Amino acid sequence: MNASVTVRVPAKVNVQLSVGPLRDDGYHDLVNVFHAVSIFDEVEAKESESVKVSVEGEWADQVPLDEGNLAVQAARALAKHAGRSYGVELVIRKTIPVAGGMAGGSADAAGALLACNELWGLGLPLEDLMEIAGDLGSDVPFSLLGGTAVGTGRGERLSQVEMGGTFHWVFAVADGGLSTAKVYAECDRLREVSGEQVAGLQGNQALLDALRIGDAAGLGAELTNDLQAAALSLRPSLAQTLAVGTELGALGAIVSGSGPTCAFLATSAEHARALAEALSAADVCRTAVPTSGPAPGAQLI
Ligand SMILES: C[C@](O)(CO)[C@H](O)COP(=O)(O)OP(=O)(O)OC[C@H]1O[C@@H](n2ccc(N)nc2=O)[C@H](O)[C@@H]1O
Ligand SMILES: Nc1ncnc2c1ncn2[C@@H]1O[C@H](COP(=O)(O)OP(=O)(O)OP(=O)(O)O)[C@@H](O)[C@H]1O
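Sequence positions are assigned chain by chain, starting from 1 and proceeding in written order. Lettering of chains starts at A and numbering of ligands starts at 1, both following the order in which they are written. In keeping with the model being predicted, local features are shown solely for residues with a pLDDT of at least 70 and side-chain atom pairs are shown and tallied solely at 80 or more, while totals for entire chains, interfaces and linings include all residues.

## A closer look at the overall build of the chain
Counted only if it meets this: In DSSP terms, a helix is any run of H or I states spanning at least four residues, a strand is any run of E spanning at least two, and both are numbered starting from the N terminus. Each radius of gyration reported is based on C-alpha atoms, and the globular scaling rule is 2.2 Å times the count of residues to the power 0.38. Here a residue counts as buried when 20 or more other C-beta atoms sit within 10 Å of its C-beta, as exposed when there are 12 or fewer, and as partly exposed otherwise, the C-beta atoms being derived from the backbone. Here contacts are defined at the residue level, using C-beta atoms placed from the backbone and a cut-off of 7 Å between them.
Each helix and strand counted, the chain has ten helices and twelve strands in total. In terms of overall size, the chain behaves like a compact globule, its C-alpha atoms giving a radius of gyration of 19 Å where 301 residues would be expected to give roughly 19 Å. Projected onto its principal axes, the C-alpha positions of the chain cover 55 × 45 × 35 Å. Considering the chain as a whole, with its 301 residues, one finds that 52% of them fall into the buried category. The contacts in the chain between residues at least 6 apart in sequence include a share of 75% that link residues at least 24 apart.

This is the structure we're talking about:
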């Protein structure tokens, strides 16, 4: 048994998010092309008699410290799977924005699964952890896997996408988050009002080809997010953030998942740095962060 284990887990952006009709269980079927990016939370797991959590970093005050914390839920779910009442002290070092559409809570849950599996010496294979992850949240399996992957079902059934290079991104982080459930509900409401019929869900071949050959311009042209209209309806100021990034030369601009973070695709690392500076100066976001993808999934460090 190790006395302490630390895991690093990436944030994500959805480069295609196609949303089907509301299911009877309250979820939506998706075609969800996830792409992990190099913004990471760290989850440290230390020996302890009981399950405890603390959070450090810029976003710490927005993260619950009780049973609502997804990392705590993950530790408990893993102990239950193992049939034991293990304890753990979890320390989350948060860099991923909270309620930002970048799967921050899911990252911490994935980190806790991997760290506790190691701390408790369980030796469960990734496929078992992925199974537990899917019950914790639709995005949690991808946080374990990382890279780029197509998610179907609720987004929890994953198949990895072959990748041909590195993409350079800027994330414009907003003040205040958006509730994922409310954004899905707003998507349903807007569809009801407009009478829009949801067509069959399928992967966009041009997008998958652009990912495969590392074609940033091709990827930028094909970015789509069915939740974007709903996020803009709930947070109209995001329209200006997207417009400014586009005017500043982004190859593509999109709301990240359920928002309110906006993602911009750049031509190079240098372009991403310049774009981030210009977005910050334009005063259309709280902060703009240059980064790249794909990033690896949850990893012991
Ligand atoms: C928007 C995305 O981040 C895109 O990757 C995900 O679809 C959301 O994944 P998540 O945050 O892990 O969401 P969950 O914790 O599974 O679900 C939160 C809520 O989002 C809605 N939800 C989520 C996933 C899905 N396929 N359909 C949904 O309608 C449901 O109202 C659900 O109660
Ligand atoms: N470890 C955690 N980190 C962040 N938020 C957490 C955590 N555990 C529980 N939460 C709760 O979950 C809510 C959603 O946070 P999260 O950062 O996962 O949103 P998100 O990035 O928009 O999710 P997604 O992109 O998966 O839809 C927060 O408002 C917070 O109350």
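## A closer look at the site of ligand 1
Just so we agree on the cut-off: Contact assignment follows one rule, namely that a residue is near a molecule or strand if its backbone-placed C-beta atom lies within 6 Å of it. Basically, the charged four are Asp, Glu, Lys and Arg, the nonpolar ten are Ala, Val, Leu, Ile, Met, Phe, Trp, Tyr, Cys and Pro, and anything else, Gly included, counts as polar. For each domain, the first and last residues come from an automatic or database assignment.
In the vicinity of ligand 1 there are 19 residues, among which Gly137, Ser138, Asp139, Arg154 and Gly257 approach most closely. Contributing elements (two or more residues each) for the shell around ligand 1: strand S1 (4–22), strand S2 (28–46) and helix H5 (180–194). Among the residues making up the shell around ligand 1, the classes are represented as six nonpolar, eleven polar and two charged. Three or more residues apiece are contributed to the shell around ligand 1 by two domains, here domain 1 (4–161) and domain 2 (167–293).

## Some points on the domain arrangement of the chain
If you check the domain split of the chain, you get domain 1 (4–161) and domain 2 (167–293). A separation of 22 Å is found between the C-alpha centroids of domain 1 and domain 2. At the junction of the two partners, domain 1 supplies 28 residues and domain 2 supplies 35 residues. Of all the secondary structure elements, the ones that give two or more residues to the side of domain 1 that touches domain 2 are S1, S2 and strand S5 (148–152). The greatest single-element share of the side of domain 1 that touches domain 2, amounting to ten residues, is contributed by S1.

## A short note on unusual backbone geometry
Note: most residues except glycine have negative phi, and most peptide bonds are trans. Here glycine 259 and proline 260 are connected by a cis peptide whose omega angle stands at 5°. Locating proline 260 in the fold gives a position in the loop between strand S9 (252–255) and strand S10 (262–266). Omega for the peptide link from glycine 293 to proline 294 comes to 5°, which places this bond in the cis form. Backbone geometry places alanine 99, a non-glycine residue, at a positive phi of 55°. Within the secondary structure, alanine 99 sits in the loop between strand S4 (88–93) and helix H2 (104–119). By C-beta crowding, alanine 99 is classed as buried, having 20 other C-beta atoms within 10 Å.

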